[in-house]
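Single-letter residue listing:
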Amino acid sequence: MISIARLNPFSRIAGCEIVGIELSANFLKLVHLKSSLQKSEILNILSKDITNLNEDETAKALKALFLELKAKNPRIVNIVSASLAITKNIEIPSCDHAEIREIISLQAGRHTPYSREEIIVDYVDLGAYKNSYTKILLVIVARNIVKRHYETLSKAGLKPEKIFFAPEGLALSAGRLLKLGSENMPVSVVNIDDVSSDFTVIFRNKPLFVRSISIGRQHLSAEHKEIYNKKFVEELKKSFESYQAEGLDKPPNI
């Protein structure tokens, strides 16, 4: 069964080299880490535009980039970006992890147009609420997306051990770098990628809220960047308003 690893995933594969691989329709990205319980050191980051490549060509490009890293027997992880997932903040009437998992498995179909068999479901535990409830960030990914990633990695001779949800890594990394772990106020982080961006609200090293925006670096630096700049600001406002409408916590520091 394929599942999405949850918060602080690197604690379970500490003390070794790790290669994180992210696949999208446009780009292939690899990050090479050396992890320990105290810290994670980035050794290298590589990327390649795969917009016009088929699956076999993408696998070939992936293999070449992987060899370029010269990693020594690394553990492989597949990273799922926010743009490939459906997220929803919900409250579950339980504080028992097994029961929470059972409930979200039954309810997940309500939050996606896919059937239950077509999706992979997991969640981020955001903490107890009113003693008997748990706030969670529900994460839903189409199974065929993950299957396609695994097939491409397999063709490149690579076998991932885990699947990680990118906003969790962002929350953990930003929390450490900006020392946000002890903050009493949520903080919003905007990650601008090549063709999309993510608006993430982080609180105590966890992604409290995630919204993907279909505007990225290529749009903001394109010929019509003035139009996209205006749209981008509008989308950020919508993201902030969506967060407030959820009634999750205090407004974030921006």
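The structure presented is a predicted model; accordingly, all values stated were derived computationally and were not measured.

The next point concerns the packing of aromatic side chains. The final tally for this structure, using the stated rule, is two aromatic pairs. Ring geometry for Phe199 and Phe209: centres 6.3 Å apart, planes at 75 degrees, overall edge-to-face. Note that Phe199 is positioned in strand S10 (residues 197-203) and Phe209 in strand S11 (residues 206-213), a separation of ten residues in sequence. Across this residue pair, the class does not change: Phe199 and Phe209 are buried. Relative to Tyr243, the ring of Phe209 has its centre 5.8 Å away and its plane inclined at 75 degrees; by these criteria the two rings are edge-to-face. Of this pair, Phe209 sits in strand S11 while Tyr243 sits in helix H6 (residues 225-246); the two residues are 34 residues apart in sequence, bridging distant segments of the chain.

This paragraph deals with the confidence of the model for the protein chain. Mean pLDDT over the protein chain: 86, with 89% of residues reaching 70 or higher. Helix H4 (residues 166-177) is the least confidently modelled element of the protein chain, averaging 82 in pLDDT, while helix H1 (residues 55-69) averages 96, the highest of any element. Below a pLDDT of 50 lies the segment residues 1-11, which in the model reaches 36 contacts outside its immediate sequence neighbourhood of four places, other chains included.

A few words now on the packing of H1 against helix H3 (residues 143-155). At a closest axis distance of 8 Å, the pairing of H1 and H3 adopts a crossing angle of 60 degrees. Considering the angle they form, H1 stands oblique to H3. Judged by the sense of rotation from one axis to the other, the crossing of H1 with H3 is right-handed. On the side of H1, the interface is formed by Glu55, Asp56, Thr58, Ala59 and Leu62, while H3 contributes Arg148, Glu151, Thr152, Leu153 and Lys155.

Conventions adopted
- Residues numbered from 1 in each chain as written.
- Predicted model: local features only at pLDDT ≥ 70, side-chain atom pairs only at ≥ 80, totals over all residues.
- Heavy atoms only, no water.
- Phe/Tyr/Trp six-rings, centres within 6.5 Å; stacked < 30°, edge-to-face > 60°.
- Helix = DSSP H or I, 4+ residues; strand = E, 2+ residues; numbered from the N terminus.
- Buried < 20%, exposed > 50% of the residue type's maximum accessible area, 1.4 Å probe, protein only.
- pLDDT = per-residue confidence, 0-100.
- Contact = heavy atoms within 4.5 Å.
- Axes fitted to C-alpha atoms, helices over the stretch in contact; angles between N-to-C directions.
- Parallel < 35°, antiparallel > 145°, perpendicular 65-115°, else oblique.
- Left-handed = near helix turned anticlockwise from the far one by under 90°.

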